[in-house]
Each structure stands twice: as C-alpha cells, then as structure tokens.
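What follows is each chain in one-letter form.
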Amino acid sequence: MSGALPNTMKIPVNSYHFQQSVGHFLGTIWGKRRFEMRCVLACLLLTVFVHPAFGAESVHQSSRQIPVVHKVDIVVVGGTLGAVAAATEAAKEGVRVLLVGSRPYLGEDICATMRLWLDEGETLHGELTRQIFSDKQITTPIHVKQTLEAALLDAGVGFLLGCYPTDILVDDGGDPAGIVIANRAGRQAVIGKIIIDTTDRAVIAGLAGAKRQPWGSGNGRCNRVVLGGKVTRGLFPTREIPAVIRAEGQELFYYEYALDLNLGDGSFAALAEAEQKARDITYRDGQFRSAEKLFSIPSDSIIGETVSDGWRIGTQPPLQRFRAEGCSRLYVLSGSADIPRDQMQACLRPDRLERIGRMVGRAAAQQAQKTGVPVNVSVKAGSAPPASNGDVREVLRGLRPTGHETKAVSSSACGVPVLADVDVAVIGGGTSGACAAIGAARYGVDVLVVEYQEGLGGVGTMGLIGRPYHGRLRGFTREVPFCDKEHNTEYKMEWYRTEIRNAGGKIWLGALGCGAFVDGNVVKGVLVATPMGRGAILVDVVIDATGNADIAVAAGADSMFGGDETDIALQGTGLPMRSPGATYVNTDYLLVDESDVLDVWRAFVGVRMTSSAASYDMGTLIQNRERRRVVGDQVLSYVDQIAGRTYPDSIVLSGSDYDSHCYPSESYFALIPHTQQTRKANHPAPGGTCYTPYRCLLPRGLDGILVIGLGMSMHRDATAMIRMQLDMHNQGYAAGVAAAMAVRDERTPRRIDVKALQKHLVQIGNLPEDVLTHRDSFPLPDRLVHAAVREYSNQTQSRAARCKALSIILSHADKARSPLKTAFTSATGEVKIAYAKLLGFMGEREVVPTLIAKLKEIDQWDAKIYQGSMAEYAHLPTPVDALILALGGTRDRRALPVLLEKLDTLNPNVTLSHHRSLALALEQIADPTAAEPLARLLNKPGMRGHVMLGLEPLTNHPQKKRRRLEPLREIVLARALYRCGDWQGLGEGILQEYRQDIRGLFARHASGVLSAGN
Ligand SMILES: Cc1cc2nc3c(=O)[nH]c(=O)nc-3n(C[C@H](O)[C@H](O)[C@H](O)COP(=O)(O)OP(=O)(O)OC[C@H]3O[C@@H](n4cnc5c(N)ncnc54)[C@H](O)[C@@H]3O)c2cc1C
C-alpha cells in the first residue's frame, strides 16, 4: 500500500522542476519550508527508490457467482482480422461462435496500429482481405471495421465489443471451458468448449497455464504510425506511405517509426510506459491521427504442441503451432503463437493472418463438434487469497443493468494481483479526469491515469467536441487549449498527455476501471482490466472520472439514472464520424446508456452499418451528454441552482444556458414563466451561474473516493448548468488538488481542509473571493420566501426574478404553503391560476375546482415551447401541460373527467409534452377509470409497435429515423396504463416488450416499472 512508503519517496523525477514553479502557492497551503524540505528529501530518496515488486502482491477477492451471459461452442477472444476469419470459418461448419473484442470496433490489428496498407508485392487471396483492400494498396479504418462486422453478421456469429478477458473457466476435468470478461457493465462469464485466443500477449493461454518462452530482457522493436504533420522532436520516420487522402488541402502520408524501446519486464505497466515514450518522441506538429497502440512481436511466445513438425519457413505454418502445449482446447492466433520471432511479422500480414485464421477456425469447429458440453464449469482457481482486510467489489448482473441472469459460475476466493501502488488513481482521463490528474500531479503526489480510449481528453478530444460553449473561462481552465484554426484534436490530446507527464504523472491507455477494492467503507484500490489481464491498483484516493460513476457504483454507492423506475428521460447522445483532423462534430440522434454493453454495441454497429464508406473513420467515444450519477453527501438540484444557493464548500462556479437536449424530468418546469422571446429560444428554461459544493463529489457512505465529471451527485435536471467543458476542467482540477491534499495530510477526502482548497482555487482565479465567506444560504428566512410568493405572480418583475422566486418557493415548499394559500384566496384572474398551479403541484386539493374550470376553457393544445433545433422529444411542458400536471399533483379523482376529455384528443401528431403530462397526471391519480381510455389511445394507429428488439441500421438523418420520440410516447402511456390498473394486460404487455428493447434506456425503465409493480 502507498501508506507503507513515505509520500516523499513517490515524487517522480521530472516533477521536481515543476514543483519549484508551483512552490509559491503550495507554500500558502502547506508551508513553504515544509515543501522545500520535501523536495530535497525527495531528490535524495529518488536515487534509492525502487518500485515495489508488484507481482508478489495481491488483494483479497472473496468467493462469488459470475453471471453467465452466453453459452457457445467456440469463444474467440479478441477482435483482429484473424479472429474474424476464424469465427466466420467456424460458423460455416455449423457451430455456435461468440467473438469478444476489447475495442469498440473490430480489426484492431489493422486500425489500432494504423498499419492500413499493403506492402510492395503483397497479393491478396482471402475473402476478407480482398474486401478490406478492394484492389487498392491502402484502406481506411471505417472500411475495415464495416467489413469485419458485416462478415460476422452475415455468418451469424455473435460478437461483443469493449470487453477484456479476465479469467478462464474450466470444467470438472480442468479443461478450458470459457472465459470471464470485464466491461462497463461489470464482469460476466461466457461458456465455450473451445477458445481461440487472438490477444496480442495470449492472455487466456497464460491464464490456462500454457508454457511460454522467457520474456527477453532489454529493448524491443516497436513500430508506431502517425498520420500527417511535421517532424518536431528530432526523430525521423523509417518510411512514408501515401495515405491517398487529403485534409486541409494537403495530400497526407502515414509515417512509420521503428523504435527500440525499453519494454522492461513485459508487464502492462512497463508496456504502457514504453507506449508513452513512443508518443513522446514521435509526436509530429500538426499530425492528423496517430496509432492507438504500438505494433510489436512479443518475445515470450506460447510453446506450441510440437516444434519438430518439419514446417518450412515461407509456407503456411501447421496447426500445432497455434495450439498451446498441454491445452488441447485452446488455440493461440496472434503474435504470441509458436512461430519463430523473425517469421511472425509475415504471419501477421492481413492475407496470411486470414488464411491462418480460417485454418484455426475450421479445426476448432471440428474439435467442438467432437467435444461434449462442459460440465461443472467454474472460474479456474487463482492464487490463494491474501489475509488482508478488504474485498474486491464489482457489478455482477449481466451485460445490461437490467440483467437478471439465472445461470452463474462460481469463483472461489483468490488473490487479485496488484499492478501498481500510487497515491491517486484517476479512472477516466476525459474532460474532468485529465485535469484532475494534472491538479494532483502538480501537487507532487504520485498519480496514475487509467483511460479506456487511445488518448486523453474525453468528449473534448476523442468525442470530437473540441471547442467550448458557455462555461466560465477563469483560472485553471484558461490553460487548456481548444481546437482552433491552428490546433486540432491531436494537439489537445498531446497537451493533456505532456502536462500530466511533465508533472510526474503516469498514464495507462486502453485499460478499463471495472471494480473497487474496499475495506469497510473506504475505497483502497481500483480494479483495472488491461489487454494483459485484470489487476488492482492500490491507492490513497481514487478519482472516479468515468463520467458514469463506474467505480463508485462498483464499490457499492447508490446512483441515479434517467431511466430509473421513477421517470424516463435522457439527454440526446451522438456518435460522430471522424475524418482526419476533425475537431468538432456535434451530433444528437441516439439515446445510449453507457453501462449497458448491448446498448453501446448496437449504437456502434448500427451507426457503422449506415456510415458512408467515403468517411475515414467513426469516433470511438460515444457522445453522451447525460450518464449515471452517484448519490453524494449533497445532491445538486436545478431549483438550488436557479435560486442562487451558496454553500460553505463550493469548489466550482459554473455557467451555462439550459442546454438540455431533452425534456426535464421535474414537472415544475411547466411553471416557468415565458416571454414571447423565450418560447422561441433555443434553450427556453433559464440558466446562469451556479456553485458546486465539494460534497457533491463525495459518494454517500464511501470514503477514499471522489466522483467527478458527469457522474457527480446531481439531479439530472441540474446537469445542463454544470457540464460545460470549461467548468469541467476546473472541477477536475479542484478534485485533483483535493485528492493530493488528502494524501499529503494523511486524511480521507471527506476530511480535507476545504477552506485551504478554496483559498488555492481563489488564488488561481477558479473561484471568486467571496466563496471564502459563504455559508449555506438555505433555508432562507421566512421573509424572503414570502417575498418570493409575491414576486412569482408579479408581471412587472423580470422573468429572471420570477424564475428565481419560483425556485425559492419550490425549494421551501413548507414555508411557502401558507402564504401561497393566502395569495390564492385573494387573487383573481391569471394570478389566481398561477397560484392554483403551484398549490396543485404541492398536492393542495382546494385548488382543484379552479384548475378544472381553467382547463375546461381550453379547447385546443397550445404551441410547444420551441427548444430550438433540438429533437421533437426535447420540448418543455407548456402552460396547458402545467394545468394538467397540477391536477395530477393533487391526486384528486374530481380531475379525471377533464383529463380524460383531453386524453381523447391525443394522437401521434400531438406534441410529446402533452402525452407526457396526461400520462404523468393520470398515473398520479392512479384510478382504474383511466385505464380503458389510455388503452384506446395506445391502440390508435401509429401509437404502438416502436420497440426495437435487435440490431438496426441507425442514421443521423432524416430526423424521423432518430427513433426516440415514438418509443418515449408509447412507454410513458403504457406505464400510466399499468399504474392505473391496466386494461386487458395491454400496459404490462408493452412494458414487457420494452424490457427486451435493445436500447438501454427503454429496457431499464420498463424493467424498473415492472419490478416496482402496479
Ligand atoms: C455531443 C456533446 C456535445 C457537447 N457540446 C459541448 C460544447 O459545445 N461545449 C462544451 O463546453 N461542452 C459540451 N458538451 C459537454 C461536455 O463536453 C461534457 O459535459 C464533458 O466533456 C463531460 O466530461 P466528463 O469528464 O464527465 O466525461 P468525458 O469527457 O466523457 O470523460 C470520461 C472519460 O472516461 C473514460 N472512461 C469511462 N469509463 C471508463 C472506465 N471504466 N475505465 C477507464 N476509462 C473510462 C472515457 O473513455 C472518457 O475518456 C458536449 C457534450 C456532448 C456529449
């Protein structure tokens, strides 16, 4: 554990100069003398510092059941061209095959290494390679990905993306019987008779105990490819290949660098460092893209069944070379196969690899046909569990959050190897996470960032949203470059990378946080799935910057999501195309739940099905505006934001308009006063600036962890005002400094000196000085609440003042109730209606006759609140909706006739907000009288049948193909019907269908509603 070493020992060499430069502000917090002494001590100790021998250490993982999500004949592990060739060939033999890839696409051997060309004189015979290159010398990533996915779909081979293998399953005879995988949904098991391991380092063969050649010490040859740009760091490429694409008026070239890199002990940590070194020296000014990973041939190949097989170099190697000795049900189909190292490169060329893949696939299929179904399958026992406190916690439900798998395999208690031991681990190196790493590293603590993507920066780089919109350009965030005429995405990614490394931080790319090591209620480690297996990183503080609270949820924190059983709403999601040098491609045509592996899969594959072959590539990061959020010590709410609430522990002041990309969840948005202008505005609900208290980063009931980015503790309606990149940078930075303070002061993050943190943030300009004197401004004194009651209905007040008054009333409902009733009694006309609506929302039944009378006067639906060019489904509730929702809030049966009258006028052409308001009102009253009218509405033409049960081509255009509006309408009405007692099982039937919907949001909501029952 990091606590075993003094922190000073962990200050990395290159952070020393940086620390000197930041010494002035450190001095104010910790005392300059202490800091200087630490630096001197650090320098002395660095010379003797030896990193702990991680291999020997492990953390305790108790016994557990891993849900089984697939049972097949053959499991192909890895998503290479060889893997696809083997899978399709095996399927031709009539066996069931599942391929499990770790990247969000297939063809990683070609696309991730960016070796997209054919060599001189290379000829093609394979079906796949001929399609991939289509008579050209060079292909594009999108074409490789599309071709391989289509091949699997055509062959009826199931496949998963974004999954790393973590364990091997064995049957009662100890033979391989499948694998365990880790992904954003947790871990699951796949049972299979035969395994084809196509991973670079033969992870599964290693887990099966296959013998290897020793890892060669010293340097290893690696190739790295960069697209475009000029030499900047003095190193010249070994060759240039015309890319046959143009960008910004230039003809582009791929530049291949042959590098001799120190690969250390061959561990993931050593290779990750080598990868970073390669990036250090090959970065080219103005580059358009660069390889996700290095190409190299591992020295520790698996020992095959026989090496005296008379194979002649240059011919097709025999099958035995791809079967691990002593593991008859396992094939190795990668650079780790038993081929002489100087011959391996040729075997990995696309055409040869396809041929070998087909040979292996055929043999595996024939073997599977002769092999019985594995029985008594369990996870192969690992090393004995250490006698340490704590346990590994993770999500074990299935591929989807709704998963309730009935079958499981047992995994006995074991030790999970420790891969690293650091002060602060940041999981997710995106918009907030990369800045958290910078913040912590600049404070001299030992930081490791773990990021799944190929580069840092998240939505702002890999997500192709390269420039800011709103947010406050103050303090730290001013340092972060944005993409402009001169700087592209690669530049921005490189900035994050070098900033972290220059401050002494370490970076692991292509690895996935997938669990937590927790002792009592303190998180002491994070579980990480790497391309070389799963392990633990021991920490003093984890910063969960996944934007989806992945680690906090795995550790046991409560969370919130737009599809929980209470309501269904999610901001629109996108998936951009990625042309070379692309910096800003803002899309919104999907709804995606990042924790749902099937949903993410169908988004990637469905969009690629319709992507233009003329495009170069597709983004690998889903543009997700709203995700799962943790429940923290404080939950930020929209009314608090609009009411201008202050806190004693504010760490960010953010600002934006209400850029929501969806309707809000809370009904009270219907009460927001509008002007002619705001009704037509792009973002009609009010925005502004708001504070984020530090407590929103602390998951309730857990310590040792901070949750930042979009996964922080807030109601979904509060997201719009805090999510802008400029503010997320500052939030991340503040969290990084907070984590570093916790480490330095040997406290948990919950116990840090928040005032000291605020002082630093004020000093660098992140926060205005007055936060230092703020206290929690809530609850407000009675006089201000009473004043708000008067102001809300005062037409002479500005809209902003009336919105603030509304927020104060809603956040002080008990105090406001009595003055509201008095105001209602004495008011007349529209003012009376305004008070009636408010009291209706608060459940006061005395206003029911007034609301009914007003609603009866209205004989047609009012115009939608515009919400700009956003999708039809994003409209705010209208004033008529407000009357309906207020009546629903009273739960009074007297409202039924008028509500049912309105319900009768609905049809698919009526705006969603009206369907929603009636559904919400009726389900609140929950009277069986509403059931038959709701069923009648659902049976009108066009209202039903919008469920999506399987993969479908997805497209950004035209609008109607977005396929969001109709299911949202159908599901909300079916839910109301179900909650009103149902009509001939129609509501339940529709919800049961949506429970199987491939789209995560719908499946999750339907499942939640059904589980809660009616
Ligand atoms: C389409 C779209 C348009 C937007 N437009 C704008 C705009 O114009 N201007 C603006 O200022 N803001 C905009 N925003 C908002 C802003 O970009 C986001 O709110 C912000 O980037 C979110 O930051 P984050 O750190 O929470 O998430 P991200 O930036 O997404 O970072 C999360 C990172 O964690 C990684 N990760 C996730 N899970 C794991 C795991 N288990 N293990 C390892 N790594 C993991 C991801 O790969 C990712 O890199 C937009 C957002 C979207 C989606």
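Every value quoted in this text rests on a predicted model; they were computed, and no experiment measured them. (Residues numbered from 1 in each chain as written. Predicted model: local features only at pLDDT ≥ 70, side-chain atom pairs only at ≥ 80, totals over all residues. Heavy atoms only, no water.)

1. Brief notes about the overall build of the protein chain
Helix and strand counts for the protein chain stand at 30 helices and 33 strands. For the protein chain, whose C-alpha radius of gyration is 29 Å, the value lies close to the compact-globule estimate of 31 Å for 1014 residues. Overall, the protein chain is about 100 × 75 × 60 Å in size when its C-alpha atoms are taken along their principal axes. Sorting the 1014 residues of the protein chain into buried and exposed places 65% on the buried side. Sequence separation of 24 or more characterises 76% of the internal contacts of the protein chain that already satisfy a separation of 6 or more. (Helix = DSSP H or I, 4+ residues; strand = E, 2+ residues; numbered from the N terminus. Rg over C-alpha atoms; globule rule 2.2 N^0.38 Å. Buried < 20%, exposed > 50% of the residue type's maximum accessible area, 1.4 Å probe, protein only. Contact = heavy atoms within 4.5 Å.)

2. Some thoughts on the sheet that holds strand β21 (residues 447–451)
Reading across from one edge, β22-β21-β20-β26-β33 is the order of the five strands in this open sheet, with parallel pairing throughout. In this open sheet, the two strands that pair with only one neighbour each are β22 (506–509) and β33 (705–707). Each neighbouring strand pair of the sheet contributes to a mean axis angle of 15 degrees, computed without reference to strand direction. The sheet contact formed by strand β20 (residues 424–427) and strand β26 (residues 541–544) spans four bridges and is parallel. Residue pairing in the sheet places valine 426 in a bridge with isoleucine 543 of β26. (Pairing = 2+ DSSP bridges. Axes fitted to C-alpha atoms, helices over the stretch in contact; angles between N-to-C directions.)

3. Some thoughts on the nonpolar core
Residues Val424, Tyr694 and Leu899 are the most contacted members of the largest nonpolar core, which totals 165 residues. The dominant element in this core, judged by the number of residues it contributes, is helix α17 (residues 725–744), at 11 residues. By size, the runner-up hydrophobic cluster in this structure holds 108 residues, among which are Ile194, Ala202, Met344 and Val592. (Core = buried A, V, L, I, M, F, W, Y, C linked by side-chain atoms within 4.5 Å.)

4. What about the side chain of glutamine 276?
Along the polypeptide, glutamine 276 turns up in helix α8 (residues 268–282). On the accessibility criterion, glutamine 276 (0% relative accessible area) is buried.

5. Digging into the pairing of β22
The sheet contact formed by β21 and β22 spans four bridges and is parallel. Bridging from a neighbouring strand, glutamate 451 pairs with leucine 509 of β22.

6. Observations concerning helix α29 (residues 986–995)
Among all positions of α29, only Leu986, Gly987, Ile990, Leu991 and Tyr994 are buried. On an axial view of α29, the arc spanned by its buried residues comes to 130 degrees, and they lie on one face. Of the surrounding elements, those touching the buried residues of α29 are α27 (931–938), α28 (965–979) and α30 (1000–1012). (Arc of directions from axis to C-beta.)

7. A closer look at the packing of helix α11 (residues 431–442) against helix α12 (residues 489–502)
The contact between α11 and α12 brings their axes to 9 Å, and the two run at 25 degrees. Relative to α12, α11 is oriented roughly parallel. Crossing handedness for the pair α11 and α12: left-handed. Along the contact surface, α11 presents Ala434, Cys435, Ala437, Ile438, Ala441 and Arg442, while α12 presents Trp495, Tyr496, Glu499 and Ile500. Residues belonging to the contact of α11 with α12 are distributed by class as follows: eight nonpolar, no polar and two charged. (Parallel < 35°, antiparallel > 145°, perpendicular 65-115°, else oblique. Left-handed = near helix turned anticlockwise from the far one by under 90°. Nonpolar A, V, L, I, M, F, W, Y, C, P; charged D, E, K, R; others polar.)

8. A few points about the site of the ligand
Near the ligand there are 36 residues, and of these Thr431, Ser432, Glu451, Leu710 and Arg723 occur at the shortest range. In the environment of the ligand, an oxygen atom lies 2.6 Å from a nitrogen or oxygen atom belonging to the side chain of threonine 431. The set of elements that each furnish at least two residues to the shell around the ligand consists of α11, β21, β23 (512–519) and β29 (623–624). The residue inventory of the shell around the ligand, partitioned by class, reads 14 nonpolar, 15 polar and seven charged. (Near = heavy atom within 4 Å. Polar contact = N/O pair within 3.5 Å; in protein donor to acceptor, adjacent residues only side chain to side chain.)

9. A look at the environment of phenylalanine 288
In this fold, phenylalanine 288 is placed in the loop between β12 (284–285) and β13 (289–290). Ignoring anything within four residues of it in the chain, the contact list for phenylalanine 288 reads Leu227, Gly228, Ala247, Glu248, Gln250, Leu252, Asn488, Glu490, Pro580 and Gly581.

10. Overview of the sheet that holds strand β24 (residues 522–530)
Overall, mixed pairing links the six strands, which are arranged β1-β19-β25-β24-β23-β17 in an open sheet. The two strands at the open ends of the sheet, each matched to only one other strand, are β1 (58–61) and β17 (391–393). The average undirected angle you get between the axes of adjacent strands in this sheet is 40 degrees. Where β24 and strand β25 (residues 533–538) come together, six bridges link them in antiparallel fashion. Looking across to β25, one finds that leucine 527 is bridged to alanine 536.

11. Let's talk about the confidence of the model for the protein chain
Looking at the protein chain, pLDDT values average 92 and 94% of them are 70 or higher. Across residues 1–56 the pLDDT falls below 50, and counting only partners more than four positions away or on other chains, this stretch makes 81 contacts in the model. (pLDDT = per-residue confidence, 0-100.)

12. Some remarks on the packing of helix α23 (residues 848–857) against helix α25 (residues 896–903)
Two elements in contact, α23 and α25, have axes separated by 10 Å at closest approach and are oriented at 25 degrees. Taken together, the axis directions place α23 and α25 in an arrangement best described as roughly parallel. Handedness of the α23/α25 crossing: left-handed. Seen from α23, the contacting residues are Ile852, Leu855 and Lys856; seen from α25, they are Val898, Leu899 and Lys902. Broken down by class, the residue content of the contact of α23 with α25 amounts to four nonpolar, no polar and two charged.

13. Description of the side chain of aspartate 550
Mapped onto the elements, aspartate 550 comes out in helix α13 (residues 550–555). You can call aspartate 550 buried: its relative accessible area is 7%. For aspartate 550, the side chain forms a polar contact with the side chain of asparagine 548, separated by 2.9 Å. Those residues in contact with aspartate 550, other than ones at most four positions away along the chain, are Arg184, Asp544 and Arg628.

14. A look at the pattern of salt bridges
A complete count under the given rule lists 76 salt bridges for this structure. Residues arginine 400 and aspartate 596 are paired through a salt bridge, measuring 2.9 Å at the closest nitrogen-oxygen approach. You can see arginine 400 sitting in the loop between β17 and β18 (408–411) and its partner aspartate 596 sitting in the loop between β28 (573–574) and α14 (597–610), a full 196 residues away along the chain. This pair shows no difference in class: arginine 400 is buried, exactly as aspartate 596 is. With a shortest N-O distance of 3.1 Å, lysine 821 and glutamate 844 are connected by a salt bridge. Here glutamate 844 lies in the loop between α22 (829–841) and α23 and lysine 821 lies in helix α21 (residues 813–826), a separation of 23 residues in the sequence. On the accessibility criterion, lysine 821 (26% relative accessible area) is partly exposed. Using a relative accessible area of 13% as the deciding quantity, one classes glutamate 844 as buried. Each of the salt bridges in this network shares a partner with another, and the network as a whole consists of Arg64, Asp167, Arg187, Asp391, Glu394 and Arg534. (Salt bridge = Lys/Arg side-chain N within 4 Å of Asp/Glu carboxyl O.)

15. A short note on unusual backbone geometry
Cis geometry is adopted by the peptide bond preceding proline 779, which originates at phenylalanine 778 and carries an omega value of -5 degrees. Its place among the elements puts proline 779 in the loop between α18 (754–763) and α19 (782–792). Positioned with a positive phi, valine 244 is a non-glycine residue whose angle comes to about 55 degrees. With respect to the helices and strands, the residue valine 244 is situated in strand β10 (residues 239–247). A positive phi angle is found at alanine 549, which is not glycine, with a value near 55 degrees. Considering the arrangement of structural elements, one finds alanine 549 in the loop between β26 and α13. Using a relative accessible area of 0% as the deciding quantity, one classes alanine 549 as buried.

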